[in-house]
Protein chains: 2
Amino acid sequence: MCSFCAIAANEKPAVLVLEEEEMIAFLDHRPLFWGHSLLIPRRHYETMSDLPARLIGPLFEGARRLSLAMEEGLGATGSFVAVNNRVSQSVPHVHVHVVPRRRKDGLRGFFWPRTRYDSDEQAHEFAARLRAALEAHPPS
Amino acid sequence: MCSFCAIAANEKPAVLVLEEEEMIAFLDHRPLFWGHSLLIPRRHYETMSDLPARLIGPLFEGARRLSLAMEEGLGATGSFVAVNNRVSQSVPHVHVHVVPRRRKDGLRGFFWPRTRYDSDEQAHEFAARLRAALEAHPPS
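None of the values given here were measured: they were computed from a predicted structure.

> Hey, could you run me through the nonpolar core in this one?
Where a protein is soluble and globular, its nonpolar side chains tend to be buried together. Ranked by size, the top nonpolar core spans 64 residues in total, and within it A:Leu39, A:Phe60, A:Val96, B:Leu39, B:Phe60 and B:Val96 carry the most contacts. When residues no more than four places from it in sequence are discounted, the contact partners of A:Phe60 are A:Met48, A:Val83, A:Val96, B:Met48, B:Ile56 and B:Phe60.

Here's what the structure looks like:
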């Protein structure tokens, strides 16, 4: 059993923040900032890609609600909501990080360094590859 | 008009990746990695908290589909899906970053440094504040 399934099954301790029929949230035990929570579906799915479409809405609506709770309950200015799929994913059970943010909290360098495209043609080629791949995944 | 509303209205150029009734995605012009896309609702909402519940599902289902397109179209190993709400949010029109990831791509130090709770009591106190705030936001 994966460690997040164990938490969902009450077989491993965690500090729970939200408990609902299909999902739970608990404090990350090594938070970026205090209050940093992990929101997971109770059932085991490895990545976002593996989630059934019907769970996407409730799960990210849960992230939105947690985000509001960070502001209203912890006085955060905003939030960071993120999912690592496979790469940088420490536990192979999909989890949404919801992290309280404040101005100048030290996470400024976070989204850097950025790069550039070598040319407009290269950018259009990347977009064309993504558009072609999306054709296999129409909106449900 | 905000710069993302201008892109959605075809009044500002962008390399589009996805165009649907309620949302579009386009390449970030300063990508973390080539293919890095921004997915936005066409209508202007500032943060995730401002999004109507009915849009959350389709928007993050779009992020899931883009994630699959990163793997299938660009050969990525996985993806990073993230939303900055207010803090670190460069354009005040909610946008979901979908970034292709590969092992050892250099983003390893990304989710660090982490901190710790001073005590179990402190962790439980944070959880209690979040749980209390969530009571105002039941599942829809």
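> So what exactly am I meant to see when it comes to the pairing of strand β4 (residues 78-85) of chain B here?
For a regular strand, side-chain orientation follows a simple rule: the groups alternate between the two sheet faces. Where burial is concerned, most of β4(B) is hidden: eight out of the eight residues are buried. The alternating pattern of β4(B) places B:Gly78, B:Phe80, B:Ala82 and B:Asn84 on one face and B:Ser79, B:Val81, B:Val83 and B:Asn85 on the opposite face, and all of these are buried. Summarising the sheet, strand β4 (residues 78-85) of chain A and β4(B) pair through seven bridges and their orientation is antiparallel. Bridging from a neighbouring strand, A:Asn84 pairs with B:Phe80 of β4(B). In this structure, β4(B) lies alongside strand β5 (residues 96-101) of chain B, joined through five bridges in antiparallel fashion. Its bridge partner being in β5(B), B:Ser79 is matched across the sheet by B:Pro100.

> Would you take a moment to explain the interface of chain A and chain B for this structure?
One widely used convention gives an interface's size as the accessible area the parts lose upon coming together. At the interface, 76 residues of chain A touch 76 residues of chain B. Taken together, the two surfaces of chain A and chain B that pack against each other cover about 7,400 Å², and 59% of this comes from carbon and sulfur. At the boundary of chain A with chain B, the tally comes to four salt bridges. Measuring nitrogen to oxygen at the nearest pair gives 2.8 Å for the salt bridge that ties A:Arg86 to B:Glu71. For the pair chain A and chain B, the interface holds 31 residue pairs in polar contact (both at pLDDT 80 or more). The set of elements that each furnish at least two residues to the side of chain A that touches chain B consists of β1 (16-19), α2 (53-74), β4, β5 (96-101) and α3 (120-134) of chain A. Looking at the side of chain A that touches chain B element by element, the count peaks at 17 residues for α2(A). For the side of chain A that touches chain B, the per-class residue count stands at 38 nonpolar, 20 polar and 18 charged.

The rules we used
Residues numbered from 1 in each chain as written. Chains lettered and ligands numbered in written order. Predicted model: local features only at pLDDT ≥ 70, side-chain atom pairs only at ≥ 80, totals over all residues. Heavy atoms only, no water. Core = buried A, V, L, I, M, F, W, Y, C linked by side-chain atoms within 4.5 Å. Buried < 20%, exposed > 50% of the residue type's maximum accessible area, 1.4 Å probe, protein only. Contact = heavy atoms within 4.5 Å. Helix = DSSP H or I, 4+ residues; strand = E, 2+ residues; numbered from the N terminus. Pairing = 2+ DSSP bridges. Buried area = accessible area lost by both parts, 1.4 Å probe. Salt bridge = Lys/Arg side-chain N within 4 Å of Asp/Glu carboxyl O. Polar contact = N/O pair within 3.5 Å; in protein donor to acceptor, adjacent residues only side chain to side chain. Nonpolar A, V, L, I, M, F, W, Y, C, P; charged D, E, K, R; others polar.

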